[in-house]
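# Overview (structure and organization)
Here are the chains, one letter per residue:
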Amino acid sequence: MHEECGIFGIFNSENESIDVAKMTYFGLYALQHRGQESAGIAVSDGEKILVYRDLGLVSKVFNEEKLKTLKGNCAIGHVRYSTTGNNNWENSQPLLKEYSGGTFSLAHNGNLVNQEELIEKLKGKGSKFYSSSDSEIICNLITETKEKNIKKAIKTVFTQLRGAFSLVIMTEDKLIGVKDSFGFHPLALGKLGDSYVFASETCALNLIGAEFIREVEPGEMV
């Protein structure tokens, strides 16, 4: 069975002593069946975002030493199965991009059916592409809005996307989960203490001891 990518995210409240990188590692480990080509984790400490990603299984890409370098209170992660684009490092996720309000990182599960139209539009405005995945299209659209408010930027971009997808997006101080209007791809919302968690499947919540709250609704941004 090809599950076509797994995504994970955790936002840690300030009074919780949770290692978000390690929780994300365990979450991705539980989601490994959704993609075995690459794995990556992005962490924010409230001021800057650090990303580590590479080809291979979660257990191959990360070890204790690498996880210790990823310090922060918010993290997102991704395991990839390529439905679009080649299996190379450039197509691994999470992606890291700048926008008018700062920096954001994005992990994506799904496919866009209007990607050629969007690429042509973005290249006409000067956007550059370094990967062949449609995830970078979403990133470039967010950058192109010139919006300083990430939520407003996502809303603007959402209306241009055609397809089935779930996203976790992290800025320096926010974690956002988004699901397309059809709701075809899963995205669960959970809670670990006072921390909130997103995951493609509840098995990731179970592994870290998080409580399942509900499924993100079709067309909803949390």
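Look up: the structure comes first, before these words.
Below you will find a few notes about this structure. The structure displayed is predicted, hence computed values, not measured ones. (Residues numbered from 1 in each chain as written. Predicted model: local features only at pLDDT ≥ 70, side-chain atom pairs only at ≥ 80, totals over all residues. Heavy atoms only, no water.)

## A look at the overall build of the protein
Applicable threshold: Strands are runs of DSSP state E lasting at least 2 residues, helices are runs of H or I lasting at least 4, and numbering of each runs from the N terminus. Note on method: radius of gyration uses C-alpha positions; expected globular size equals 2.2 Å times residues raised to 0.38. Exposed residues in this analysis have more than 50% of their type's maximum accessible area, buried residues have under 20%, and partly exposed residues fall in between, with area computed by a 1.4 Å probe over protein chains only. Here, residues are in contact when the closest pair of their heavy atoms is within 4.5 Å. In short, Shrake-Rupley with a 1.4 Å probe defines the accessible areas, and a residue's cover is counted only from the protein chains shown. In this tally Asp and Glu are treated as negative and Lys and Arg as positive; neither His nor the chain ends contributes. Where a charge lies is defined by one atom per residue type: Lys uses NZ, Arg uses CZ, Asp uses CG and Glu uses CD.
Scanning the protein from terminus to terminus reveals seven helices and 11 strands. The C-alpha atoms of the protein give a radius of gyration of 16 Å, which matches the 17 Å a tight globule of 222 residues would have. With respect to the principal axes defined by its C-alpha atoms, the protein has extents near 45 × 35 × 30 Å. For the protein, buried positions account for 53% of its 222 residues. Across the protein, the fraction of contacts at a sequence separation of at least 24, relative to all contacts at a separation of at least 6, is 64%. As presented, the protein carries roughly 10100 Å² of accessible surface, and 50% of it is formed by carbon and sulfur atoms. Charge separation in the protein, taken as the distance between the mean sites of 24 positive and 29 negative side-chain charges, equals 4 Å.

## Focus on the pairing of strand β2 (residues 38-44)
Along any regular strand the residues' side chains alternate between the sheet's two faces. Defined as follows: Strand pairing follows a simple DSSP-based rule, namely that at least 2 bridges must link the two strands.
Among the seven residues in β2, seven count as buried, and that is most of the element. Alternating positions in β2 separate into two faces, Ser-38, Gly-40, Ala-42 and Ser-44 on one and Ala-39, Ile-41 and Val-43 on the other, with burial throughout. In the sheet, β2 pairs with strand β3 (residues 49-55) via seven bridges, with the strands oriented antiparallel. By the bridge assignment for β3, Ala-39 is matched with Asp-54. Where β2 folds back on β3, the antiparallel hairpin that results is connected by four residues, among which Gly-46 adopts a positive phi of roughly 100°. In this structure, β2 lies alongside strand β4 (residues 74-80), joined through seven bridges in antiparallel fashion. Within β4, the residue paired with Val-43 across the bridge is Ala-75.

## A few points about the state of the cysteines
Cut-off, in case you're wondering: Disulfide: a pair of cysteine sulfur atoms within 2.5 Å of each other.
Under the counting rule described, the total for this entry stands at zero disulfides. Free cysteine: Cys-5, not disulfide-bonded; nearest cysteine sulfur from Cys-139 at 13 Å. With a relative accessible area of 7%, Cys-5 lands in the buried category. Under the relative-accessibility criterion, Cys-139 is labelled buried at 0%.

## Remarks on the sheet that holds β3
Basically, it comes down to this: Lines fitted to C-alpha atoms define the axes here, with helix axes fitted over just the stretch in contact, and angles between the N-to-C directions of these axes take values from 0 to 180 degrees.
Here seven strands make up an open sheet; going across it, the order is β3-β2-β4-β1-β10-β9-β11 and the pairing antiparallel. Strands at the two margins of the open sheet, each flanked by one partner only, are β3 and β11 (211-215). If you compare each strand with its neighbour and ignore which way they point, the axes differ by 15° on average.

## As for the packing of aromatic side chains
Rule in force here: Under the pairing criterion, centres of Phe, Tyr and Trp rings, with the six-membered ring standing for Trp, must be within 6.5 Å; the plane angle then separates stacked pairs below 30 degrees from edge-to-face pairs above 60, leaving the rest tilted. Comment: the charge-over-ring label is applied if NZ (Lys) or CZ (Arg) is within 6 Å of the ring centre and within 35 degrees of the ring normal.
As enumerated under the stated definition, the model contains five aromatic pairs in all. Between the aromatic rings of Tyr-99 and Phe-104, the centroid separation amounts to 5.8 Å while the plane-to-plane angle is 75°, which identifies the pairing as edge-to-face. Phe-104 shares its class with Tyr-99; the two are buried. Among the aromatic residues, those joined into a ring-pair cluster are Tyr-25, Phe-26 and Tyr-29. For the cation-ring pair, Arg-53 lies above Trp-89, with the distance from its terminal atom to the ring centre recorded as 4.1 Å.

## Some details on empty space enclosed by the protein
Rules: Here the term cavity refers to a set of points on a 1 Å grid, laid over the protein atoms alone, in which a 1.4 Å probe fits but cannot get out; the term pocket refers to an open set having protein on both sides within 12 Å along at least five of seven lines, with lining residues being those that place an atom within 4 Å of a point. Grid points are joined across faces, edges and corners, and a volume is the space filled by probe spheres set on the points.
Applying the stated criterion across every chain, the model contains two cavities of 30 Å³ or more. Considering only enclosed or pocket space, the second largest cavity measures out at about 40 Å³ in volume. Along the walls of the second largest cavity sit Ile-138, Ile-142, Ile-154, Val-157, Phe-158, Leu-161, Leu-167, Ile-169 and Val-178, which together make up its complete lining. Elements with a contribution of two residues or more to the lining of the second largest cavity: α5 (135-144), α6 (150-158) and β7 (163-171). Looking at the lining of the second largest cavity, the element that brings in the most residues is α6, giving three residues.

## A word on the nonpolar core
Convention followed: To form a nonpolar core, buried Ala, Val, Leu, Ile, Met, Phe, Trp, Tyr and Cys residues must be joined to one another through side-chain atoms within 4.5 Å.
With 28 residues, the main nonpolar core has Phe-8, Ile-10, Ile-41, Phe-62, Leu-192 and Val-197 as its most contacted residues. Secondary-structure elements contributing two or more residues to this core are β1 (6-11), α1 (20-30), β2, α2 (58-61), β4, β9 (188-192), β10 (195-199) and α7 (202-208). No other element matches α1, which puts six residues into this core. Beyond its immediate stretch of four places on either side in the chain, Val-197 contacts Phe-8, Gly-9, Ile-10, Ala-188, Leu-189, Gly-190, Leu-192, Leu-205, Ile-208 and Ala-210. Listed in part, the 23 residues of the second largest apolar core include Leu-112, Leu-141, Ile-142 and Ile-176.

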